[in-house]
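# Architecture and fold: a report
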Amino acid sequence: MAVSLSANAPWRANLLTLHARFLPPSASCGEAYRVLADDLELPGLAIIEDGRIVGSIDRHSLLSTFARPVVRDVYERRPIALLMDRAPLIVGPETSISELSERIGRDKPSALMSGFIIADDGRFVGIGSVLDILRLQVAESRQRGLELEAARAEAVRADAAKSQFLAHMSHELRTPLNAVIGFADIIQSEMFGTGEAAWKRYKDYAGDIGASGRFLLEVINDILDLSKAAAGKAELREDRVSVATLLIGVDRFFRERARDAGLALDMRIPDQDIELWADETKLKQVALNLVSNAVKFTPAGGRINVSMALQADGQLRLTVADTGIGIAESDLARIFEPFIQLDSSLSRRHAGTGLGLPLARSFVELHGGTLDVASRPNAGTTVTVLLPSSRIQAIDAFRTAV
């Protein structure tokens, strides 16, 4: 009986190649000899009576005994109970390989030749040999070597990604800070004088300072929110949330922006409202992040569809679909990594911190939901959020079967 190895194998006795052949104590020595002679892989035989392990036969000892013709003639027809080891080493299937090796050296050194029996609550499972242990230990060493190499490669990749992220964040933080400092210096030094026209310009600069400060705060809040989620310290402030109100707020936020970008924004608000028990701020941020990405990465003339509906299974589905530039299949697994930017150039066309999707998924998972992305290059992207039916507070007649 062979058990396949896995990357996280516990390396226990149940992973060994075990042999399930056994004989009753009444079987003849000649019969045992023929069984062992016919199967060169058998390390020995378990002797079982009425389902109980009563002994074992060592392959090497029996073959050596039968190598002498006179002795063979004496034992050929006699019961195997005469030659069996009445106190074989018996271990459980969950015994670790290291513990098994220790027990052989401490309790039963002869098991190096005779092998050992594995039993589960007294029920015979199989018989193994030291050669099986050595094979498994070699496989274990090889597997651990592969895991260490994979961990090293992942650490190198993560370090490079983190350095790239920090370089990008340095750009994102310095840009609004430079604007704040520059405009503040202009106002403080009264560079354009003190007249009415000058103060009108100063007022505009004050507005730019406020906008830059809010953007900077937004970036910092995103980083802190993601750090809390990664540390398992993010909390939900739950209350009744109207799906219609949430979507109307998102529509107001993006309607003009989408129009300026030459995009058609189709916000499908349910005719009859659905209420959730959820954190409205976090759910709204999820929707805002998803629609923001859609607007950002959809060329002029494209379309964005946003909808929320109840599925037949009771889950609430939020869908944000666009006709934008899409994502390559090889990059889909990386878009949720906060330290990964698919476009790493600091002067890239699309500004942003790259934290929107990781944050959105973290907030959705806090609600017990899932977030999936389907995309093809130059064919658009569809993001689907599913929230569990347990979150639904009031279900009116509105229900969409899928």
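Look a little higher up for the structure.
Residues numbered from 1 in each chain as written. Predicted model: local features only at pLDDT ≥ 70, side-chain atom pairs only at ≥ 80, totals over all residues. Heavy atoms only, no water.

### Here's the deal with the side chain of Arg59
- Structurally, Arg59 is set in helix H2 (residues 59-66).
- Among the polar contacts made by the side chain of Arg59, one reaches the main-chain carbonyl oxygen of Leu36 at a distance of 2.9 Å.
- Of note is the side chain of Arg59, whose polar atom sits 3.0 Å from the backbone oxygen of Asp39.
- Aside from chain neighbours lying at most four places away, what touches Arg59 is Leu36, Asp39, Leu40, Leu42, Pro43 and Gly44. (Helix = DSSP H or I, 4+ residues; strand = E, 2+ residues; numbered from the N terminus. Polar contact = N/O pair within 3.5 Å; in protein donor to acceptor, adjacent residues only side chain to side chain. Contact = heavy atoms within 4.5 Å.)

### Remarks on the pattern of salt bridges
- Under the definition given, this model contains 13 salt bridges.
- Between Asp85 and Lys108 there is a salt bridge, with its nearest N and O atoms 2.9 Å apart. Residue Asp85 is located in the loop between helix H3 (69-75) and strand S4 (90-91), and its partner Lys108 is located in the loop between helix H4 (97-107) and helix H5 (111-114); the two are separated by 23 residues in the primary sequence.
- Two residues, Arg103 and Asp107, come together in a salt bridge whose shortest N-O distance is 3.5 Å. Residue Arg103 and its partner Asp107 are located together in helix H4, separated by 4 residues, close to a single helical turn.
- Using a relative accessible area of 22% as the deciding quantity, one classes Arg103 as partly exposed.
- Look at Asp107 and you get partly exposed, because its relative accessible area is 42%.
- A single salt-bridge network, built from bridges that share partners, covers Arg34, Arg72 and Glu76. (Salt bridge = Lys/Arg side-chain N within 4 Å of Asp/Glu carboxyl O. Buried < 20%, exposed > 50% of the residue type's maximum accessible area, 1.4 Å probe, protein only.)

### With respect to the sheet that holds strand S13 (residues 380-387)
- Ordered in space as S8-S10-S11-S13-S12, the 5 strands form an open sheet in which the pairing is mixed. Looking along the sheet, the strands with just one partner apiece sit at the ends: strand S8 (264-268) and strand S12 (370-376). The sheet shows a mean angle of 10 degrees between the axes of neighbouring strands, direction not considered.
- Bridge count between S12 and S13: 7 bridges; the pairing is antiparallel. Following the sheet pairing, Thr370 is matched in S13 by Leu386.
- Running at roughly 20 degrees to strand S11 (residues 316-322), helix H9 (residues 280-296) makes contact with strand S10 (303-310), S11, S12 and S13 of the sheet.
- Helix H11 (residues 356-366) contacts S12 and S13 of the sheet and is inclined by roughly 145 degrees relative to S12. (Pairing = 2+ DSSP bridges. Axes fitted to C-alpha atoms, helices over the stretch in contact; angles between N-to-C directions.)

### With respect to the packing of helix H1 (residues 29-38) against H2
- Close contact between H1 and H2 brings their axes to 10 Å; oriented N to C, the two are set at 115 degrees. When the axis of H1 is compared with that of H2, the two are roughly perpendicular. For the pair H1 and H2, the crossing hand works out as left-handed. Here H1 contributes Cys29, Gly30, Ala32, Tyr33 and Leu36 to the contact with H2, which in turn contributes Arg59, Leu62, Leu63 and Phe66.
- Taken together, the residues that form the contact of H1 with H2 break down as 7 nonpolar, 1 polar and 1 charged. (Parallel < 35°, antiparallel > 145°, perpendicular 65-115°, else oblique. Left-handed = near helix turned anticlockwise from the far one by under 90°. Nonpolar A, V, L, I, M, F, W, Y, C, P; charged D, E, K, R; others polar.)

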